Amino acid sequence: MARGQERTPLRHRARYLFDRTLARSTGTLLGWLALCCLAVVLPVSTLLVWTDPAAPRSVTGRLTQVWRTSAETLRLGAVAGTPARMLLSVLLGLVALLCVSTVVGVVTTGLGDRLTELRRGRSRVLECDHDVVLGWTDQIFTVVSELIAGRAGAGRSRRGRSARARHVVTVLADRDPAHMHAALTAALEVTDRVRLVCRTGVPTDPDALTLVTPGAARAVVVLPADDSDGDLTVVRTLLALRTLLGTDDGRSAPRVVAAVHDGRYVPAARLAAGPRGTVLETDLTAARLLVQAARRPGMPTALRDLLDFSGAEFHVTDVPEAVGLSFEEVALRLEGSCAVGLLRPDGRPLLTPAPGTVLAPGDRLVTVAHDDRTAPLTDRWARVDTTALASSTPVPEPPARLLLLGWNRRAPMVVDALRGTARPGSVLDVVTDAASDAAGPGSPWSRNRPGDAPLTVTHHTRDLAAPDALDGFDLSAYDSVMVLGSDAEKGTERPDERTLLALLTLRSWEERTGRVLPVVAELHDHRSRTVAPLGPASHALVHGELTALLMAQIVHNPELAAVFEEIFARRGGALALRPAAHYVLPGHEAAFATVVAAALDRGESAIGYHAHDPHRARPHDGVLLCPGTSERRVWHAGDQVLVLTAGPGHHGGAETDTAAPPPALPAQRPERVEESD
């Protein structure tokens, strides 16, 4: 029998008829409910009466008893007699049932509305020394996770009641609080010592801000939305906070840490944040990180290890016994931490100072260490193997050939960073979609300008979603490939989809040719990183993650704001992985103190190293931070050293001490001058 002529089973037809009948109206639903009740009550009542030895003997009496039993069960009254009396009894029972049901419905609705209001989080948070996060973006998971980790690490170093107190993190955003709490709980490891409190409201509304009690908080973090008005929303939120907190710079006031995408809004955000506020610029930081990762594949992992709370991180410590000593002596007498600079008494950082810089009273030491405890100085200098020191003549890097796939608002900053640091003869090929903002040959970012001698930029238009988008490109000739997704606010398509397609194409080329291609991709959603098809030398950076890590570090230690300003703003991202052969001779056994001394002579501070192992699945991962200065090993040509450099345009030790005012994040950098068509 043909498929269309198969006989439908009776059970399926009956179920379909029943479903269609119930969907007609409320009256039909009530009728079916009454019929089902009678179908159960009447037979059971009849069975009870007929099996009761004390039941009347006559059929009429038994039917009357069946009626009374059924009426009592259905709460319709049990009046017997004439049919008129029985109908009136049923009518009275129905009226009573309607009244009771109405009262129950009103009470249930009121309680339900109240519970819904409570679930929406409209009650005021009565906490003290808690952390407040305003806004909801993909970076909230990193921020909250690091706030929890930072407080847990601080609690382990304390004793007493403050160490046993629960850490409260409060989130205020224009979202359903139950959904926010469920998302955070599912993504983070929330222990019994942490309590998440979510409230719904618009962060720009001062009345909504009172729900999270910002005046009693330890810190307030303001996250920028990914839409076109996200930066303006941050400024307005800071103004609303200023209305509640005032302009008092007392120690009881909470620390305010915010971020904006566009540097043009930084001055306004700083004014709104007040003297205890810190403002970071997300897009420029992300662009610089992308360039660093493209040049040194191990940099993303090294930066995350350095800025999260799971291992070693930056600290500012008091070392009274270091007063009167040179910075070189202090650096070589620290065993469990690495010195990178000083923090003057006025709050001004002095990073990578000249080796002979003498520590004055009130100076504090900026170190990279595994905890914030005071680092004791050893009795003697660490041994420096002078026979293993490499030549102090810098080895110039060869010109690079780079490929940039995709375009967004950070792409011009990436090109700017490459132009400012490229070696003569470097080449950048930019491949974008036809509808991209790169705008083809007339774009100022896709044509070569008179001052661009070190870097030649060529623009190509391709459909990056097509499998043959990269046909005609010799991928093996590129030192690195950068993949950018579209901006999150543009269109309805999720921005990571095309990025994942490009990564899939590049990974397919690696598997087909058997070659390893260094790739760095920018993603928006942290969940996309788990499904990204990455090769052995590939990395996926989540946009805004580095800024989120910096915000959490500043919340935990506000004194680091000036240090991070110097590293990531003034020096343009001064952390770098350099070949170990720049500091020690390959094949020689030497202590890490030898690397520290060689780096100091070059105006740099060594804070870790990467041991090359070609047999690892991901050979570029795994930077050892803060090794002991006395640790000895044989250094190989493929090893790398993580150093804090003087940055582009700076000369480490030559820039030691000036009378400049103490910087505050972010620095008031000159506005970028964009070339007009």
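Up top is the structure these notes are about.
The following refers to the structure shown. (Residues numbered from 1 in each chain as written. Predicted model: local features only at pLDDT ≥ 70, side-chain atom pairs only at ≥ 80, totals over all residues. Heavy atoms only, no water.)

This brings us to the pairing of strand E11 (residues 401-405). Each regular strand carries side chains that alternate between the two faces of the sheet. For E11, a buried count of 4 out of 5 residues is recorded, marking the element as mostly surrounded by other parts of the structure. Both E11 and strand E12 (residues 426-432) contribute to a ladder of 5 bridges, which runs parallel. Across the sheet, the residue bridging to Leu405 is Val431, located in E12. In terms of handedness, the path from E11 via helix H14 (residues 411-421) over to E12 forms a crossover that is right-handed. Across 4 bridges, E11 lies against strand E14 (residues 480-483) in parallel orientation. What sits directly across from Leu403, in E14, is Val481. (Buried < 20%, exposed > 50% of the residue type's maximum accessible area, 1.4 Å probe, protein only. Helix = DSSP H or I, 4+ residues; strand = E, 2+ residues; numbered from the N terminus. Pairing = 2+ DSSP bridges. Right-handed = clockwise from strand over helix to strand, strands pointing away.)

What follows deals with the nonpolar core. Looking at soluble globular proteins, one finds that nonpolar side chains tend to be buried together. Val133, Leu184, Phe314, Leu428 and Met482 are the most contacted members of the largest nonpolar core, which totals 118 residues. The element best represented in this core is helix H17 (residues 545-556), accounting for 8 residues. Dropping the residues within four chain positions of it, Val133 is found in contact with Ile140, Val143, Val144, Leu147, Val169, Thr170, Val171, Leu172, Val221 and Leu223. Among the nonpolar cores identified, the runner-up in size contains 22 residues, and Leu172, Val260, Val266 and Ala269 belong to it. (Core = buried A, V, L, I, M, F, W, Y, C linked by side-chain atoms within 4.5 Å. Contact = heavy atoms within 4.5 Å.)

With that out of the way, let us pick up the environment of Val49. Note that Val49 resides in helix H2 (residues 26-50). In sequence terms Val49 and Thr64 are 15 residues apart; their C-alpha atoms lie 9.8 Å from each other. Aside from chain neighbours lying at most four places away, what touches Val49 is Ala55, Arg62, Gln65, Val66 and Thr69.

Centre-to-centre distance and the angle between the planes together describe a pair of aromatic rings. All told, the structure shown has 5 aromatic pairs when counted by the stated rule. Measuring from centroid to centroid gives 6.1 Å for Phe592 and Tyr609, while their planes differ by 40 degrees, and the two rings are tilted. In this pair, Phe592 sits in helix H19 (residues 592-601) while Tyr609 sits in strand E19 (residues 605-610), placing the two residues 17 residues apart along the sequence. Both residues of the pair, Phe592 and Tyr609, count as buried. A cation sits over an aromatic face here: Arg633 above Trp635, 4.6 Å from the ring centre. (Phe/Tyr/Trp six-rings, centres within 6.5 Å; stacked < 30°, edge-to-face > 60°. Lys NZ or Arg CZ within 6 Å of the ring centre and 35° of its normal.)

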